[in-house]
Amino acid sequence: MRYEGSVYRPPSEADSLILQATIGCAHNKCTFCSMYKDKSFRVRSESDIFEDLRVARKQYPHVEKFFIADGNALVMSTERLTRLFDEIKRLFPECKRVGIYASPSDILRKSKEDLMKFKSQGLGILYMGIESGSDEVLKAVEKGVSRADIIEAGIKVKEADIVLSVMIISGLGGKDKWREHAVASAEVINAIKPKYLGLLTLLLEPDAPLYRQVSSGKFQLLTPEMALEETHLFIESLHVEDCVFRGNHASNYISLRGVLPDDKERLLARLKREIECMDDQLKYKPRAL
Ligand code: SF4
């Protein structure tokens, strides 16, 4: 396998073989994201991708899962994706699941029939960054899609019977919009009802445009106490069924994990306890940039 630059994958794809079918992110404008700022987007040539697969076949006797990178590999044309999934199936008949990152726009450009075909070819899970359910926040961070687009895309994936994993970023509304961000994000999750829901906390690197807005005072990061209050309001506003919630990313102030709605009260009680016991030094001080 050949890789270009830093390669990112969801935590649950730690055991998967990563195939970099595209380089970078086709959107690459979100102000909080610096993952692909050093890459110009392109789809790799089919001959290079297939050569990587043939080499991997010789190296790895058993590949249970594949993950297709980079940032929004579902942007590839339906024809290219169909040929790619076929080739994975042909060379790795033992592969049980293929996963991929997708933006809401990529999903909306595919028909439900396209997605159902991908599912029949082995596409088992799709990871979509929602980031926020608030149109104001989505616009401010230049996500390039609306709340309605996100809901439509999420429902389409579910109707195609592909497992959907989505992600919300705590703190993305800043001090001005944290309540709206929490409630609107929960509303979007309630409308989609994904199988997996991840919660990360906003963590900015210097080449993220939002970093400069923080430095200039235009955007104010949440204090740890506010971040936990926001998470409390978010979870309290969730009404989902059999949803695996993971708020245990390294960026989060506390590690939360459970299945909703069964663990909702336990998670809320834990958040309340943490807020009450938080050391004053930590409580009011946003994480240093
Ligand atoms: S958050 Fe996702 S869509 Fe936005 S720039 Fe980063 S990789 Fe691209």
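Preceding block: the structure.
Rules used in this analysis
Residues numbered from 1 in each chain as written. Predicted model: local features only at pLDDT ≥ 70, side-chain atom pairs only at ≥ 80, totals over all residues. Heavy atoms only, no water. Near = heavy atom within 4 Å. Nonpolar A, V, L, I, M, F, W, Y, C, P; charged D, E, K, R; others polar. Buried < 20%, exposed > 50% of the residue type's maximum accessible area, 1.4 Å probe, protein only. Helix = DSSP H or I, 4+ residues; strand = E, 2+ residues; numbered from the N terminus. Pairing = 2+ DSSP bridges. Axes fitted to C-alpha atoms, helices over the stretch in contact; angles between N-to-C directions. Parallel < 35°, antiparallel > 145°, perpendicular 65-115°, else oblique. Left-handed = near helix turned anticlockwise from the far one by under 90°. Contact = heavy atoms within 4.5 Å. Core = buried A, V, L, I, M, F, W, Y, C linked by side-chain atoms within 4.5 Å. Phe/Tyr/Trp six-rings, centres within 6.5 Å; stacked < 30°, edge-to-face > 60°. Bend = angle between axes of the 7 residues up to and from the residue. Salt bridge = Lys/Arg side-chain N within 4 Å of Asp/Glu carboxyl O.

Draft legend 1. Layout of the site of the ligand. As a matter of local geometry, the ligand sits amid Cys25, Asn28, Lys29, Cys30, Phe32, Cys33, Met35, Tyr36, Glu131 and Lys143. In the shell around the ligand, the residues fall into 6 nonpolar, 1 polar and 3 charged.

Draft legend 2. Expanded view of the pairing of strand E6 (residues 123-131). Most of E6 sits inside the fold, with 9 of its 9 residues counted as buried. Of the strand pairs in this sheet, strand E5 (residues 97-102) and E6 are connected by 5 bridges, and their pairing is parallel. Pairing of Tyr101 across the sheet is with Tyr127, part of E6. In the sheet, E6 pairs with strand E7 (residues 163-170) via 6 bridges, with the strands oriented parallel. Within E7, the position partnered with Tyr127 by the bridge is Ser165.

Draft legend 3. Examining the packing of helix H6 (residues 147-159) against helix H7 (residues 174-192) more closely. Between H6 and H7, whose axes approach to 9 Å, the crossing angle comes to 30 degrees. Judged by the angle between their axes, H6 and H7 are roughly parallel. Between H6 and H7 lies a crossing of right-handed hand. Across from Arg147, Ile150, Ile151, Gly154, Ile155 and Lys158 in H6, the residues of H7 making contact are Ala184, Glu187, Val188, Ala191 and Ile192. Class assignment of the residues belonging to the contact of H6 with H7 gives a composition of 7 nonpolar, 1 polar and 3 charged.

Draft legend 4. Looking closely at the nonpolar core. Membership of the largest hydrophobic core comes to 69 residues, with the highest contact counts inside it found for Leu53, Phe66, Leu84, Leu126 and Phe234. Once you skip the residues sitting within four places of it in the chain, Leu53 turns out to touch Met1, Leu19, Phe66, Leu84, Glu87, Ile88, Leu91 and Phe92. In this structure, Phe32, Leu172, Ala208 and Phe219 belong to the second largest nonpolar core, which totals 15 residues.

Draft legend 5. Region of interest: the pairing of strand E10 (residues 256-260). Only one face of E10 is buried, namely the one carrying Leu256, Gly258 and Leu260, since none of Arg257 and Val259 on the opposite face is buried. Looking at chain direction, strand E9 (residues 243-247) and E10 are connected through 5 bridges and run antiparallel. Residue Cys243 lies in a different strand from E10, and its bridge partner there is Leu260.

Draft legend 6. Region of the structure containing the packing of aromatic side chains. The tally for this structure, following the rule as stated, stands at 6 aromatic pairs. Their ring planes at 85 degrees and their centres at 5.5 Å tell us that Tyr8 and Tyr36 sit as a pair that is edge-to-face. Remark: Tyr36 occurs in the loop between strand E2 (22-23) and strand E3 (42-43) and Tyr8 occurs in the segment before strand E1 (17-20); sequence separation between them is 28 residues. Owing to a relative accessible area of 28%, Tyr8 belongs among the partly exposed residues under this scheme. For the ring pair Tyr101 and Tyr127, a centre distance of 6.2 Å and an interplane angle of 75 degrees mean the geometry is edge-to-face. You can see Tyr101 sitting in strand E5 and its partner Tyr127 sitting in strand E6, a full 26 residues away along the chain.

Draft legend 7. Expanded view of the environment of Leu233. Of note, Leu233 is situated in helix H9 (residues 224-236). Residue classification places Leu233 among the buried positions, given a relative accessible area of 18%. The sequence separation of Leu233 and Trp178 amounts to 55 residues, and the corresponding C-alpha distance is 9.5 Å. Contact partners of Leu233, with chain neighbours within four places excluded, come to Trp178, Arg179, Ala182 and Val183.

Draft legend 8. Spatial organisation of the sheet that holds E10. Spatially, E1-E4-E5-E6-E7-E8-E9-E10 is the arrangement adopted by the 8 strands of the open sheet, whose pairing is mixed. Two strands bound the open sheet, and with one partner strand each, they are E1 and E10. Taken pair by pair, the neighbouring strands of this sheet meet at an average axis angle of 20 degrees, ignoring direction. Of the pairings in the sheet, the one linking E7 to strand E8 (residues 196-201) comprises 6 bridges and is parallel in character. Within E8, the residue paired with Val166 across the bridge is Leu197. On the sheet, H9 packs against E7, E8, E9 and E10 and is oriented at approximately 145 degrees with respect to E7.

Draft legend 9. Representation of H7. Most pronounced at Glu180, the bend in H7 amounts to some 35 degrees. Buried within H7 are the following residues: Gly174, Trp178, His181, Ala182, Ala184, Ser185, Ala186, Val188, Ile189, Asn190 and Ile192. For H7, the elements touching its buried residues are E6, helix H5 (135-140), H6, E7, E8 and H9. Where H7 ends, the next residue or the one after it, Lys193, has phi of about 55 degrees, a positive value.

Draft legend 10. Up close: the pattern of salt bridges. A complete count under the given rule lists 20 salt bridges for this structure. Put simply, Arg109 and Asp106 hold a salt bridge, and the shortest N to O gap is 2.8 Å. Taken together, the residues span about one helical turn, with Arg109 and Asp106 both in helix H3 (residues 104-109) at a distance of 3 residues. Taking the relative accessible area as the measure of exposure, Asp106 reaches 2% and is therefore buried. In this structure, Arg147 and Glu187 form a salt bridge, with 2.8 Å as the shortest nitrogen-oxygen distance. Here Arg147, found in helix H6, pairs with Glu187, found in helix H7; they are 40 residues apart in sequence, far enough to count as distant. On the accessibility criterion, Arg147 (23% relative accessible area) is partly exposed. Bridged by salt links that share partners, the residues Arg2, Arg44, Glu51 and Asp52 form one connected network.

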